[in-house]
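# Fold and contact review
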Amino acid sequence: TQLLEQSPQFLSIQEGENLTVYCNSSSVFSSLQWYRQEPGEGPVLLVTVVTGGEVKKLKRLTFQFGDARKDSSLHITAAQPGDTGLYLCAGVRIGGAQKLVFGQGTRLTINP
Amino acid sequence: GAGVSQSPRYKVAKRGQDVALRCDPISGHVSLFWYQQALGQGPEFLTYFQNEAQLDKSGLPSDRFFAERPEGSVSTLKIQRTQQEDSAVYLCASSFVGDGYTFGSGTRLTVV
């Protein structure tokens, strides 16, 4: 059983559409991070959220941490082909030291 | 260096061979992590160092896997008597305490 469940696992949409990726758990996290990974490269950190209810924006990307710090979402507005990639959520559990656990990822394809 | 450097980028090993994967973290980063990533999946935690101390090795799949960081900087992940199920991308990440992780580009290991 995956500690962090991401949905959907695959998403293919047209350029200009909006989308939301979800990251859910039954565990409480001290922080949650979102990464983007390109083929042949390591994950690159997009954002870290640490406070329940926190919302952070990065251009067309909006990240939210759930009030109970068990879940998070990533919303992309007006998706572009350059947004294509593997999106990973990852969290540090309460009492988990610095050990980061990852979801299985959402493979996003934006079609021109 | 400016980023986390991993070598080799690609490694093909015959089943039963021993391999050694190297990680050169960002200078000054105290924490170093090794992850294993199967194709299309999120990274799975292997082990974690703080300076030269290995604080968590709970993710190492078997006693064929061994990691060290003798001087608190460069780390080596060694896999003895490789098997086909060891084929994966091995990612190294480093961080300064409390910051997000910076990942290397990984080593793709193929066991034939």
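The coordinates are above.
This write-up is about the structure you can find in this document. Model, not experiment: these values are computed from the prediction. (Residues numbered from 1 in each chain as written. Chains lettered and ligands numbered in written order. Predicted model: local features only at pLDDT ≥ 70, side-chain atom pairs only at ≥ 80, totals over all residues. Heavy atoms only, no water.)

## Remarks on the sheet that holds strand 8 (residues 71–76) of chain A
Two modes of strand pairing occur in sheets, parallel and antiparallel, and in both the strands are linked by backbone hydrogen bonds. All names here are of chain A. Across the sheet, which stays open at both edges, the five strands sit in the order 1-3-8-7-6 with antiparallel pairing between neighbours. Bordering the open sheet on either side are strand 1 (5–7) and strand 6 (55–58), each of which pairs with just one other strand. When strand polarity is set aside, the average angle formed by the axes of neighbouring strands in this sheet is 15°. The sheet contact formed by strand 7 (residues 61–65) and strand 8 spans five bridges and is antiparallel. Each residue of the ladder has a partner; that of Leu61, found in strand 8, is Ile76. (Pairing = 2+ DSSP bridges. Helix = DSSP H or I, 4+ residues; strand = E, 2+ residues; numbered from the N terminus. Axes fitted to C-alpha atoms, helices over the stretch in contact; angles between N-to-C directions.)

## Some remarks on the sheet that holds strand 8 (residues 75–79) of chain B
Residue and element names in this part refer to chain B. Strand order in the open sheet formed by four strands is 1-3-8-7, with antiparallel pairing between adjacent strands. The open sheet has two free edges, formed respectively by strand 1 (5–7) and strand 7 (65–68), since each of these has just one partner strand. Shown here is a sheet whose adjacent strand axes are inclined to one another by a mean of 15°, direction ignored. Note: strand 7 against strand 8, four bridges, orientation antiparallel. Residue pairing in the sheet places Ala67 in a bridge with Leu77 of strand 8.

## Focus on unusual backbone geometry
Note on backbone geometry: most residues besides glycine have negative phi, and most peptide bonds are trans. In this structure, the amide linkage connecting Ser7 of chain A to the following residue, Pro8 of chain A, adopts the cis form with an omega of -5°. The omega torsion across Ser7 of chain B and Pro8 of chain B is -10°, close enough to zero to call that bond cis. Relative to the assigned elements, Pro8 of chain B resides in the loop between strand 1 and strand 2 (10–13). A positive phi angle, close to 55°, is found at Lys59 of chain A, a residue other than glycine. Mapping Lys59 of chain A onto the fold places it in the loop between strand 6 and strand 7. Even without glycine at this site, Ala78 of chain A takes up a positive phi of about 50°. With respect to the element layout, Ala78 of chain A can be found in the loop between strand 8 and strand 9 (85–93).

## Notes on the state of the cysteines
All names here are of chain A. Enumeration according to the criterion identifies two disulfides over all chains in this entry. There is a disulfide in this structure between Cys23 and Cys89, and the S-S distance comes to 2.0 Å. The disulfide joining Cys23 to Cys89 has a torsion of about 75° about its S-S bond and is therefore right-handed. On the criterion of sequence distance, the pair formed by Cys23 in strand 3 (residues 19–24) and Cys89 in strand 9 is long-range, its members being 66 residues apart. Judged by its relative accessible area of 0%, Cys23 falls in the buried class. (Disulfide = S-S within 2.5 Å. Buried < 20%, exposed > 50% of the residue type's maximum accessible area, 1.4 Å probe, protein only.)

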